[in-house]
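# Fold and geometry: a report
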Amino acid sequence: WVRYIRTGSSIFSAMLVSLPSSGNPVGWYTVNTDGTVFFRLPINDPSDVVWSPDGAYFVYTHRRMPGARPNDTDISVMHSDSSNKILLTDDRASDSQPAWSPNGKQIAFVSDRDGSQEIYVINIDGSNLRQLTKRFGSNTNPSWSANGQKIFYDSGGRKYVMNSDGSDQQEYKP
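For clarity, every value in this text was computed on a predicted model and none was experimentally measured.

## Comments concerning unusual backbone geometry
The phi dihedral of Asn 128 is positive, around 60°, even though this residue is not glycine. With respect to the helices and strands, Asn 128 occurs in the loop between β11 (118-123) and β12 (130-131). By relative accessible area, Asn 128 is classed as partly exposed at 44%. Backbone geometry places Asp 168, a non-glycine residue, at a positive phi of 55°.

## Section: the nonpolar core
The tendency in soluble globular proteins is for nonpolar side chains to be buried side by side. Ala 99, Ala 108, Val 110, Ile 119, Val 121, Leu 132, Trp 144, Ile 151, Tyr 153, Tyr 160 and Met 162 together form the largest nonpolar core, which totals 11 residues. Contributing elements (two or more residues each) for this core: β10 (106-111), β11, β14 (150-155) and β15 (158-163). Contacts of Tyr 160, omitting those with residues within four sequence positions, involve Arg 135, Ile 151, Phe 152, Tyr 153, Ser 155, Gln 170, Glu 171 and Tyr 172. In terms of nonpolar packing, the next biggest core, distinct from the first, is built from 10 residues, Ile 75, Val 77, Trp 100 and Tyr 120 among them.

## A few points about the sheet that holds β10
Across a sheet, strands are paired by hydrogen bonds formed along the backbone, either parallel or antiparallel in direction. Strand order in the open sheet formed by 4 strands is β9-β10-β11-β12, and the pairing between neighbours is antiparallel. Across the chains shown, the open sheet's two edge strands, defined by having one partner strand only, are β9 (95-100) and β12. Examined bridge by bridge, β9 and β10 share 4 bridges and lie antiparallel to one another. Of the residues in β10, the one forming a bridge with Ala 99 is Ala 108.

## Examining the pattern of salt bridges
Across all of its chains, the model carries 5 salt bridges by this definition. In this structure, Asp 91 engages Arg 113 in a salt bridge whose closest nitrogen and oxygen atoms are separated by 2.7 Å. Remark: Arg 113 occurs in the loop between β10 and β11 and Asp 91 occurs in the loop between β8 (86-87) and β9; sequence separation between them is 22 residues. Judged by its relative accessible area of 17%, Asp 91 is buried. Classification of Arg 113 as partly exposed rests on a relative accessible area of 27%. Salt bridges linked by common partners bring Asp 91, Asp 95 and Arg 113 together as one network.

About the cut-offs
Numbers given to residues run from 1 along each chain, matching the order in which its sequence is written. Since the coordinates come from a predicted model, pLDDT governs what is reported: local features require at least 70, and pairs of side-chain atoms require 80 or more to be given and counted, while whole-chain, interface and lining totals use all residues. Working from all heavy atoms in the structure, the side-chain values ignore hydrogens and water. Runs of E in the DSSP output that reach at least two residues are strands. Runs of H or I that reach at least four are helices, and both are numbered from the N terminus. For each residue, the accessible area found with a 1.4 Å probe, counting protein chains only, is set against the maximum for its type, and the residue is called buried under 20%, exposed over 50%, and partly exposed in between. Residues grouped as a nonpolar core are buried Ala, Val, Leu, Ile, Met, Phe, Trp, Tyr and Cys residues, joined through side-chain atoms within 4.5 Å. Here a residue-residue contact requires only that any non-hydrogen atoms of the pair lie within 4.5 Å. DSSP-based pairing: two strands are paired if at least 2 bridges between them are found. The salt bridge definition used is simple: a Lys or Arg side-chain nitrogen within 4 Å of an Asp or Glu carboxyl oxygen.

Below is the structure:
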């Protein structure tokens, strides 16, 4: 898996899973566009890896506790040079599907911490956790509008939209 991002005026990098035949251990790496490894990311078993809009950070889902059930996952954010890891969620729930706000200050995600899959938002420093949806059933796949004022999500096979504070939830009809 490779994802190219812009981290400055002209610098690009990528994340990928290395194959054993490459000579590097299996893991997550940032690489230069010429294919040389910049550094190995110090994370195990990540999924839902998403770069921030400015390329300075990435957020990911992971099993934090050894022996945790597969659906017990947390979300962390880390600087793109692998410094400043912040554990955003720390609970016995499935926290997944992180999505950056366009300004890079908040992350929307899905959690079943209250018994059903709901959409939450948290600041990237781990503060101000807010539950936005309280609908029966699964609410998944949050994504922000380009201006950050709306969040789109799926529920019951339909697409919904709400204000970024969770108000005015309604079925999306383009």
